Each structure stands twice: as structure tokens, then as C-alpha cells.
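Below, each chain spelled out in residue letters.
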Amino acid sequence: MRHYCALCLSLALLLGGAPATAADGARAGSYFDQSGRDDVLAGGVRMITVQTPHGPFRVWTKRTGNNPRIKVLLLHGGPGITHEYFEALDAYFPGAGIEYYYYDQLGSAYSDQPDFPDLWDLPRFVEEVEQVRQALRLDRRNFYLLGQSWGGILALEYALKYQQNLKGLVISNMVPSVPAYNRYAREVLMPAMDPKVLAEIQGLEAAGKYEDPRYEELLFGNFYNLHILRMPPADWPDPVLRAFAKLNKKIYIPMQGPSEMGASGKLANWDRTADLARITVPTLAIGARYDTMEPAQMKLIAERVRHGRYLYCPAGSHLALYDDQQVYMSGLIRFIKDVDAGRF
């Protein structure tokens, strides 16, 4: 029994909280309280109608848990992949009592996929997030927005326009400047690659051969396995593989470019460094040593916003929620709990 209690204490501290009490246990019973919810029949799934310049479309969301003070909306990366790689949170958020929402942005696999290229535009995505927030009835008393990678760009843009709706903001594995992202790729990451491999990748890109199996093979075996997720591609977790398999290239390539080795699409000139001081809500910036983006630039977010904290994942890459999972999850949950408790 003594060993068991010690284990409980260790887990509680890892997740950023104090040891559980009887009162905590009583509150935990309400985490799965479905009273008054209109999404119970579908297991928390709601298809939300959003208005666009081309009319209404539906986007997919799914709620897990019940916490009137902590509700986290997740913005996935890509753009154009899916919520699925966030499924690692299922092993952590319920135990911490955090209510959270998966959400596939318009054009991603679980949502409608209209074929209107002008919809793939950052300001329109910001308005989509605001419509989703309203439909889910999230507000500044409970609304935490977590954006990872491209989702971090979207979350930052949302905060700059609508931060009055936020209780907390998390920018995960994203820098405040795409030109800085490109500079780091060009000056640090690419020179570290095998020159022959780099030349072959760039040759395939110049020829527009993005669908060539050799292009994907080179990226996954020489760059993605070092800077996206530091595991052999054959060992990548199933949620990550499912999300990558559903990538909508009609969104990804026009906005990001053909790969994660820098951005060359619509986002190539995006830079909000000078605007970070306008963000006044509690903000967590998450960076990782082996990321595709410079950790110092991610730390800069925490330094420039009004109330910031930096979480550094020393063993992690762009998907540090997998390859430095304990550091990532414990730091993320600690931030959310600190904001909720007024300790931030």
C-alpha cells in the first residue's frame, strides 16, 4: 500500500497538481456528467455549421469531459491534416479533469472539403474558429485555445483579434515569424543534412514531383524522423500516421508549400513578432530542441506577450507531445491548472 500511495503522489506531481483529496474525488465524479448536453447521442460529436463566402459548410468537433472552468479547443497543424494526432491527450487530460474539444478545420478529413481555393486563407480560418467557439458556448471564464504548428499561427491570429474571449492561450511548436522559420531551415537544418540527399529533395521539388514516392521517402528518412517526430517512421504512433495519411494537399501546398522544410506558400511572409506585446491573456509557448523551428524564437513568444511562460522540451521535436511526452504533458497541464487557480 505504501508503494501504491507513493506512485499516486508521483503522478499527481508530474501532472502539476497536489495529491488527490476526498474533495477532488467528489468533483471527479462530475467529469462525465452529461446533464444538459446536446451531443450525448453521438458520443460528444457535433457537426457545426460555419458561414463562408461560398455559403455554409459543416466542421467536425468532439467533446470529452465536463469542466465548467476548463475547456480546451484544439487547433491541429498542417494546414489540412486532422485532429487525430492530438489523441495522445486522451491519456492525460481526463485524469487532470480537463474538458477538451477535438476539431477538424474546414477542408480536413472529418469536416466538409469544399473545392474553393480562396477559402484557404488565414483571416477566414480565424472567423471559422470564432464561429466554432460561439457554437460550443466557450467564453473567457473557461476557454483555453491550444494551437500546434499551423494551429499555432491560427491561435495567435485568433488571440490578436478575439483575446477578450480567452482564459488562456497555448502556442505549441510554432514561431511568431515564418521568415524566421525559413531562415532557421536554410541556415541551420539544411546544412546539417547529407548534401546529396538535400540536392535530390530540392531537385524533385523544382520538378514539381511532390507525389513521387521517392520524395516522401527522402523526407521521412532524412528530415521528418529527426525534426518532426524522432522515431523511425515505421514506429510512428497510429494517431500520427492517420493524421498524415489524410493530409489535404489542396490546402497544405498552397498555404505551407510542399514540405516541412520551410514554408513557401501563402504563409511565407507571415510575421507577428512585433504584435506579441498586444496579447495580454496568460500564454504558454512550447518549444523543443530538435524542432523544425528555432527554440529561441518560440521562447520569444513567452517573453514578448504580457503574461507568458515558456515550456522547453529537451528531447522533443515538432511533435514533442510524442517524443518528449512527459515533459510536454506535465508542463501543459501545470499551465492550465495554474491559470485556473489564479496562480499565473
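Residues numbered from 1 in each chain as written. Predicted model: local features only at pLDDT ≥ 70, side-chain atom pairs only at ≥ 80, totals over all residues. Heavy atoms only, no water.

Structural notes on the pattern of salt bridges
In the structure shown here, the tally under the stated rule is 22 salt bridges. We note a salt bridge from D39 to R63, for which the minimum N-O separation is 2.7 Å. Highlighted residues: D39 in the loop between α2 (22–28) and β1 (45–52) and R63 in strand β2 (residues 55–64), separated in sequence by 24 residues. According to the relative accessible area criterion, D39 is buried, its value standing at 5%. Its salt-bridge partner being R242, residue E87 comes within 2.6 Å of it at the nearest N-O pair. (Salt bridge = Lys/Arg side-chain N within 4 Å of Asp/Glu carboxyl O. Helix = DSSP H or I, 4+ residues; strand = E, 2+ residues; numbered from the N terminus. Buried < 20%, exposed > 50% of the residue type's maximum accessible area, 1.4 Å probe, protein only.)

So, the environment of G257
Here G257 shows up in the loop between α9 (249–255) and β7 (283–288). For the pair G257 and L267, spaced 10 residues apart in sequence, the C-alpha to C-alpha distance is 8.7 Å. Filtering out sequence-adjacent residues up to four positions away, G257 remains in contact with Y252, S264 and G265. (Contact = heavy atoms within 4.5 Å.)

Some words on the pairing of strand β3 (residues 71–75)
Counting buried residues in β3 gives 5 out of 5 residues, a clear majority hidden from the surface. Here β3 shows two buried faces, one formed by K71, L73 and L75 and the other by V72 and L74. Where β3 lies against strand β4 (residues 99–104), 3 bridges are found, and the strand directions are parallel. Across the sheet, K71 pairs through a bridge with E99, a residue of β4. In terms of strand pairing, β3 meets strand β5 (residues 143–148) through 5 bridges, oriented parallel. Bridge pairing links V72 to Y144 in β5. (Pairing = 2+ DSSP bridges.)

Quick notes on the layout of surface pockets
Its boundaries defined by the atoms lining it, the second largest pocket holds a volume of some 480 Å³. Lining the second largest pocket are 24 residues; nearest its centre among them are F220, Y224, F244, L247 and Y252. Looking at the lining of the second largest pocket, the elements with two or more residues in it are α7 (213–227), α8 (238–245) and α9. Here the lining of the second largest pocket gets 5 residues from one element, more than from any other, and that element is α7. A class-by-class count of the residues in the lining of the second largest pocket yields 15 nonpolar, 6 polar and 3 charged. (1 Å grid on protein atoms, 1.4 Å probe; cavity = no way out; pocket = protein on both sides within 12 Å on 5 of 7 lines; lining within 4 Å. Points joined across faces, edges and corners; volume = space filled by probe spheres on them. Nonpolar A, V, L, I, M, F, W, Y, C, P; charged D, E, K, R; others polar.)

A few points about the packing of helix α3 (residues 122–136) against helix α4 (residues 150–162)
Packing of α3 against α4 leaves a shortest axis separation of 9 Å and a crossing angle of 75°. As summarised for this structure, α3 and α4 are arranged roughly perpendicular, according to the angle between their axes. Residues L122, F125, V126, E127, V129, E130 and R133 of α3 touch α4, and the partners they reach there are W150, I153, L154, E157, Y158, K161 and Y162. Grouping the amino acids of the contact of α3 with α4 by side-chain chemistry returns 9 nonpolar, no polar and 5 charged. (Axes fitted to C-alpha atoms, helices over the stretch in contact; angles between N-to-C directions. Parallel < 35°, antiparallel > 145°, perpendicular 65-115°, else oblique.)

Focus on helix α6 (residues 195–206)
An ideal rise of 1.5 Å per residue puts 16 Å on 12 residues; α6 measures up with 16 Å between its terminal C-alpha atoms. Taken as a whole, α6 has its buried residues at V197, L198, I201 and L204. Mapping the buried residues of α6 onto a view down its axis gives an arc of 130°, with all of them on the same face. Across from the buried face of α6, at angles greater than 90 degrees, the exposed residues are P195, K196 and A206. Packing partners of the buried residues in α6 comprise α7. Between a side-chain oxygen at the N-terminus of α6 and the backbone nitrogen of K196 the separation is 2.9 Å; the capping residue is D194. Where α6 terminates, the next one or two residues include G208, which has phi positive at roughly 70°. (Expected span 1.5 Å × (residues − 1). Arc of directions from axis to C-beta. Polar contact = N/O pair within 3.5 Å; in protein donor to acceptor, adjacent residues only side chain to side chain.)

Structural notes on the nonpolar core
For soluble globular proteins, the rule of thumb is that nonpolar side chains tend to be buried together. V72, Y85, F93, Y328, L332 and I336 are the most contacted members of the largest nonpolar core, which has 57 residues in total. The leading source of residues in this core is helix α12 (residues 325–340), at 7 residues. With residues near it in sequence (within four places) discarded, V72 still touches F93, I98, E99, Y100, Y101, Y144, L146 and I336. Listed in part, the 50 residues of the second largest apolar core include V59, Y103, W120 and A302. (Core = buried A, V, L, I, M, F, W, Y, C linked by side-chain atoms within 4.5 Å.)

Describing empty space enclosed by the protein
Summed over all chains, the structure comprises 1 cavity of 30 Å³ or more. Volume-wise, the largest cavity comes out at about 80 Å³. At the level of elements, α4 and α5 (178–189) are the ones that each hand at least two residues to the lining of the largest cavity. For the lining of the largest cavity, the residue count by class is 8 nonpolar, 3 polar and 1 charged.

So, the packing of aromatic side chains
Taken as a whole and judged by the stated rule, the model has 18 aromatic pairs. Ring centres of F335 and F344 lie 5.3 Å apart, and the angle between their planes is 85°; on these two criteria the pair is classed as edge-to-face. The buried category is assigned to F335, whose relative accessible area is 0%. Among the aromatic residues, those joined into a ring-pair cluster are F220, F223, Y224, W236 and F244. (Phe/Tyr/Trp six-rings, centres within 6.5 Å; stacked < 30°, edge-to-face > 60°.)

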